[in-house]
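# Architecture and fold: a report
Spelled out from the first residue to the last, the chains are:
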Amino acid sequence: MAGNKNVIQSRFNSQNKKYNFDFIIGRDSNMLLLITALMVFIATLALVCVFSVDKLFDSWNKDLSGQMTVQVLPFKSNTNKSILSKDLFKNKVDNTVVLLKSKSELSSVEIISDDKVNSLLSPWLGSGIENIEIPLPILIDVKINNSKINIGNYDVKKLEQELNDKIGAINIEDHKKWVSDLKNVKNAVQFLAYFILVAIIITTSITVMYTTRAAFKAQRASIEVFHLMGAFDDFIAKQFASAVFKLTLSGAFIGLFLFGLIGFVILFMVDGLKGTIFDYIQFSSVDYATIFVIPFISAMLAKITARNTILQIIGKVK
Amino acid sequence: MFSNNQHNNMAFSKDHSRNSDNIISMRGVGIRYDQNPEILSDVNLDIQKGSFHFLTGASGSGKTSLLSLMYTANPPVRGHLSMFGYNIDSLNRDQIALFKRKIGVIFQDYRLLDNLSVFDNVALPLVIAGKSPNYIRKYVPDLLEWIDLKNYIHAKPSILSGGQKQRVAIARALITKPELVIADEPTGNVDDDMAVKLLYLFVELNRMGSAVIIATHSKSLIEKFNYPVLGIHKRHLFLQER
Ligand SMILES: Nc1ncnc2c1ncn2[C@@H]1O[C@H](COP(=O)(O)OP(=O)(O)OP(=O)(O)O)[C@@H](O)[C@H]1O
Ligand SMILES: [Mg+2]
């Protein structure tokens, strides 16, 4: 008997805990845990989408801006569309290159080789097009010298006008429209992602509210005892808030962990993604930190919601 | 046994709105549930610091109802209630909460929290009052030892017998050394020896300065301990002559 008592004594002495009343959330907790995990999973997905689209756009934008493609058409002029002979066309191209090279604002002028044009066109026209006797335009890759001039200020239209005046039947594609289309897509995707994030926050808050309300109802007798012993309303609200915080934080990390697991599988187990757009997406440490912060933000939001819910109920019950 | 004469003999304080010697003060209080007729009418009562009272009356006469008015500190449907010299209507919720911490209550139905261990149940008032874990570890085991429950420190109340639950409830009410102990049938579920032992706990507490009010049916206890007896008869509260 004495031995038994000692065991109890030592067990008791080792009990160095902070008091928690997590039981007050009770049975409703499983649902909240599950929903938080799911919501954080989706929220992380949405955020990763936002980041990815951002990176994609940035890298494409960087590649494309400051670049133009000068298209020398095998016609005499814009009005006279008779096809030039091979020699005359070659002359025309040479003249164009000379004129372009004379411009100090342009840093590089390169004719895109037939091979490259063929490889660019082959997906659409099939192989063997080099043998087809249709006159193809010659493409010249031109870069704006960004040490001489601000790329945004370069007047492409003026250059195009000059080329047409002096040589004729020349187009310049400066990718601006392409970039702005891309930007619209980017904005749409990001808007959708943010919309999803807001929807998730609302859903989670409502779940927290209902869970807290249900728990309050279920634990009414205990809460009355708390009150009879002189607990402040805020003390009671804090017990709920802290129980909800722990629960949602665990749920959130489960969601994040699942996302990481699936992301890992996709990125590292599937080799087929090499050479696709995934190459463009390199997350910075700030991005990773932001993603890692999601569980804490979710749990904080849940905590505040729980606390306010309880204070509101107690205020009404009073 | 009861008479209106005795009613008039009750020692009421003259200053009935603010007397710091009164822990609880009731004037013309009526108690009823919903729209039912009053179960107690015109209650005038002062519970003074350091006093000791028994409260008797037939089952259903309103003992629990009267005591709960003291510990819930809800404004009465009729009459005036003050706590520690303050009219209940003039106090906000947090102020009332602070006063409640000075009152230890043993409920007739114990109201232990089944999700907490015996230790945590007894520690609860200290936790609520913001005492440190060290303080709690120091005082709770001693009291559990005194009421013979040291071996049940980690048990959940649901496995305890009625008498054991009652003792946990007593420990929980006394742990804060309250200024007023309200005990509703605190010996209803224990044998006579244990009842006397528990009553000595209240007596000891009273000697150290706590006011005590005990509702009980036990005539033998009342006779054994020579304290004033409040009785409920015909919807009125009287001070019984001994
Ligand atoms: N919550 C309640 N709602 C409605 N009526 C109630 C409520 N509590 C008690 N009553 C009624 O008030 C009356 C007094 O009950 P109370 O519990 O105060 O008596 P008691 O003297 O404590 O009885 P006992 O000795 O059996 O504990 C009873 O008629 C009871 O039915
Ligand atoms: Mg009763």
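All of the points below concern the structure found in this document. (Residues numbered from 1 in each chain as written. Chains lettered and ligands numbered in written order. Predicted model: local features only at pLDDT ≥ 70, side-chain atom pairs only at ≥ 80, totals over all residues. Heavy atoms only, no water.)

### Here's the deal with the interface of chain A and chain B
The interface is formed by 27 residues belonging to chain A together with 30 residues belonging to chain B. Summing both sides of the interface, chain A and chain B together bury roughly 2900 Å²; the carbon and sulfur share of this comes to 65%. On inspection of chain A and its partner chain B, the count reaches two salt bridges. Across the salt bridge formed by E224 of chain A and R111 of chain B, the nearest N and O atoms sit 3.4 Å from each other. At the boundary of chain A and chain B, one finds three residue pairs in polar contact (both at pLDDT 80 or more). Those elements that place two or more of their residues in the side of chain A that touches chain B are α1 (2–13), α7 (220–228) and α8 (233–269) of chain A. Of the residues that constitute the side of chain A that touches chain B, the class distribution is 14 nonpolar, seven polar and six charged. (Contact = heavy atoms within 4.5 Å. Buried area = accessible area lost by both parts, 1.4 Å probe. Salt bridge = Lys/Arg side-chain N within 4 Å of Asp/Glu carboxyl O. Polar contact = N/O pair within 3.5 Å; in protein donor to acceptor, adjacent residues only side chain to side chain. Helix = DSSP H or I, 4+ residues; strand = E, 2+ residues; numbered from the N terminus. Nonpolar A, V, L, I, M, F, W, Y, C, P; charged D, E, K, R; others polar.)

### Some points on the pattern of salt bridges
Residues and elements named next belong to chain B. Taken as a whole and judged by the stated rule, the model has 18 salt bridges over all chains. A salt bridge links E38 to R78; the nearest nitrogen and oxygen atoms lie 2.8 Å apart. Residue E38 is found in the loop between β1 (22–31) and β2 (40–48), and its partner R78 is found in strand β4 (residues 78–83); the two are separated by 40 residues along the sequence. According to the relative accessible area criterion, E38 is buried, its value standing at 15%. Judged by relative accessible area, R78 falls into the partly exposed class, the value being 35%. (Buried < 20%, exposed > 50% of the residue type's maximum accessible area, 1.4 Å probe, protein only.)

### Here we look at helix α3 (residues 93–100) of chain B
Among the residues of α3 of chain B, those classed as buried are I96, A97, F99 and K100 of chain B. End-on, the buried residues of α3 of chain B take up no more than an arc of 160°, which puts them together on one face. In the core, the buried residues of α3 of chain B are packed alongside α7 of chain A together with α2 (63–72), β4, β5 (86–87) and β6 (103–106) of chain B. Capping the start of α3 of chain B, N92 of chain B holds a side-chain oxygen 3.1 Å from the backbone nitrogen of D94 of chain B, two or three residues further along. (Arc of directions from axis to C-beta.)

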